[in-house]
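Here is how the chains run, residue by residue.
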Amino acid sequence: MLAIQAERAGGPEVLSAVERPESTPGPGQILIRQEAVGLNFIDTYQRSGLYPIPYPSILGLEGSGVVEAIGPGVTRFVIGDRAGYATGPLGAYSQAHVVPEGRAVRLPAGIDSRTAAASMLKGMTAEFLIRRCFPVAAGDAVLIHAAAGGVGLILAQWARSIGALVIGTAGSDAKAQLALGHGCDHVILYDREDVAKQVRTLTDGAGVRVVYDGVGAATLEGSLGSLGRRGMLVSYGNASGPVPAIEPLRLSRGGSLFLTRPTLFDYVATTADLDDSAGALFDVIASGAVKIAIGAEFPLSEARAAHETIEGRGTTGSTLLIP
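Residues numbered from 1 in each chain as written. Predicted model: local features only at pLDDT ≥ 70, side-chain atom pairs only at ≥ 80, totals over all residues. Heavy atoms only, no water.

1. Structural notes on the sheet that holds strand β1 (residues 2-6)
Spatially, three strands are ordered β2-β1-β4 in an open sheet, and the strand pairing comes out antiparallel. Of all the strands in the sheet, just β2 (15-19) and β4 (57-58) have a single pairing partner and so form its edges. As judged from the five bridges shared by β1 and β2, these two strands associate in the antiparallel manner. Following the sheet pairing, Gln5 is matched in β2 by Ser16. (Pairing = 2+ DSSP bridges. Helix = DSSP H or I, 4+ residues; strand = E, 2+ residues; numbered from the N terminus.)

Okay, here's the thing in structure tokens:
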């Protein structure tokens, strides 16, 4: 079968297509014949070495398709079920992938494989951010960086459905218009405007209750300056590089602020948590409150080009690899 391997840590050039024999599922495992694979920023972190993995390694944590084989003791799935996963194990950049049954979920009738692979990792990230890390309530003002990105579009729509005032940031007029059409009440162009100043204007000086920041180093100052008293900065990604160290007194002087650096994997660590998170996501999609925007699709064999595009800020919404 075709798979895409990172030969070593580095740029997109370290990715190569390889032929691998298909694995047989062992006890508690299922083999998914993949119909779509999700491309996520964490894939670029693992490829680059920012998040070290063993090399060489097949990349990818998210995919969906049809269960083609099951191992001994499997009880959650039968052959022919439609299934998706978003937290690994590594190896999703392939035509078929073996996954522990406890890390996969059955796809409801209204969720096709492309929607699942485009939404599960990003959507479950949005779910834990908005429901469990900082539970957003009606009337809260929130700031979402990269609001036209995969997580940002879902976060903004979800927050709007709760009744929050949603302020987004974007890097171009086109991305701003996309964000405004997907839940944002206001969008700030961070390359041209002072984010914190604009947030204060939009909130009558109060600032926001929470900032959801997946960008990292480049947005840190704007994020801290946008928070109101006892607000929380949720730093969940490093698209522009890791956030530098912050002295605790900086949080005190900013208004007794909170800072957290969560990861999805800790919020779906058990199968019960995984089922709850995916179920909440599928519910908001089915209700129409959240629409999944697929911005680009690449053949699996063109994974290198897909990585170059996402790192060059050339994508909006979710990006898929099609085996």
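2. Some words on helix α4 (residues 173-180)
Buried within α4 are the following residues: Lys175, Ala176 and Ala179. On an axial view of α4, the arc spanned by its buried residues comes to 105°, and they lie on one face. Turned more than 90 degrees off the buried face of α4, the exposed positions are Ala174 and Gln177. On the buried face of α4, the contacting elements are α3 (150-162), β10 (165-170) and β11 (186-189). (Buried < 20%, exposed > 50% of the residue type's maximum accessible area, 1.4 Å probe, protein only. Arc of directions from axis to C-beta. Contact = heavy atoms within 4.5 Å.)

3. Here we look at the packing of aromatic side chains
Taken as a whole and assessed by the stated rule, the structure comprises three aromatic pairs. On the numbers, 6.2 Å between centres and 35° between planes, the contact of Phe41 with Tyr45 is tilted. Highlighted residues: Phe41 and Tyr45, both in helix α1 (residues 41-48), separated by four residues, approximately one helical turn. Taken together, a centroid distance of 4.3 Å and an interplanar angle of 20° make the contact between Phe128 and Tyr267 stacked. Pair noted here: Phe128 is in helix α2 (residues 113-133) and Tyr267 is in helix α8 (residues 264-267), with a separation of 139 residues, a long-range link. Here Phe128 falls in the buried class, since its relative accessible area comes to 1%. (Phe/Tyr/Trp six-rings, centres within 6.5 Å; stacked < 30°, edge-to-face > 60°.)

4. Some remarks on helix α10 (residues 303-311)
Residues of α10 that are buried include every one of Ala303, Ala306, His307 and Ile310, and no others. The arc enclosing the buried residues of α10, seen along the axis, measures out at 100°, which places them on a common side. Those residues of α10 that are buried lie in contact with β1, β2, β3 (29-39), α1, β15 (294-299) and β16 (318-322). Of the residues flanking the end of α10, it is Arg313, one or two places downstream, whose phi is positive at about 60°.

5. Quick notes on the sheet that holds strand β12 (residues 208-213)
Judged by pairing direction, the sheet is parallel, and its six strands sit side by side in the order β11-β10-β9-β12-β13-β14 without closing on themselves. Of all the strands in the sheet, just β11 and β14 (258-260) have a single pairing partner and so form its edges. Between one strand axis and the next, the sheet turns through 15° on average, direction left out of account. Looking at chain direction, strand β9 (residues 141-144) and β10 are connected through four bridges and run parallel. Paired with Ala141 across the bridge in β10 is Leu165. Against the sheet, α2 makes contact with β12, β13 (227-235) and β14, and its axis sits at roughly 145° relative to β13, the strand it touches most. Most of the contacts of α4 go to β11, to which it runs at about 160°, and overall it touches β10 and β11. (Axes fitted to C-alpha atoms, helices over the stretch in contact; angles between N-to-C directions.)

6. Considering the environment of Gly150
Looking at the element boundaries, Gly150 is found in helix α3. Note on Gly150: relative accessible area 13%, which makes it buried. Along the primary structure Gly150 and Gln198 are separated by 48 residues, whereas in three dimensions their C-alpha atoms are 24 Å apart.

7. Some words on the layout of surface pockets
Size it by volume and the largest pocket reaches roughly 1100 Å³. As for the largest pocket, its lining consists of 50 residues, of which Phe41, Tyr45, Gly214, Val215 and Ala239 are closest to the centre. Contributing elements (two or more residues each) for the lining of the largest pocket: α1, α2, α3, β10, α6 (220-226), α8, α10 and β16. When residues in the lining of the largest pocket are grouped by element, the largest group, five residues, is from α1. Looking at side-chain class alone, the lining of the largest pocket contains 22 nonpolar, 22 polar and six charged residues. When its volume is computed, the second largest pocket comes out at roughly 190 Å³. Considering the residues around the second largest pocket, the lining is formed by 14 residues, among which Met1, Arg20, Ser23, Ile58 and His97 are closest to the centre. For the lining of the second largest pocket, the element with the highest residue contribution is strand β7 (residues 96-100), accounting for three residues. Taken together, the residues of the lining of the second largest pocket sort by class into eight nonpolar, four polar and two charged. (1 Å grid on protein atoms, 1.4 Å probe; cavity = no way out; pocket = protein on both sides within 12 Å on 5 of 7 lines; lining within 4 Å. Points joined across faces, edges and corners; volume = space filled by probe spheres on them. Nonpolar A, V, L, I, M, F, W, Y, C, P; charged D, E, K, R; others polar.)

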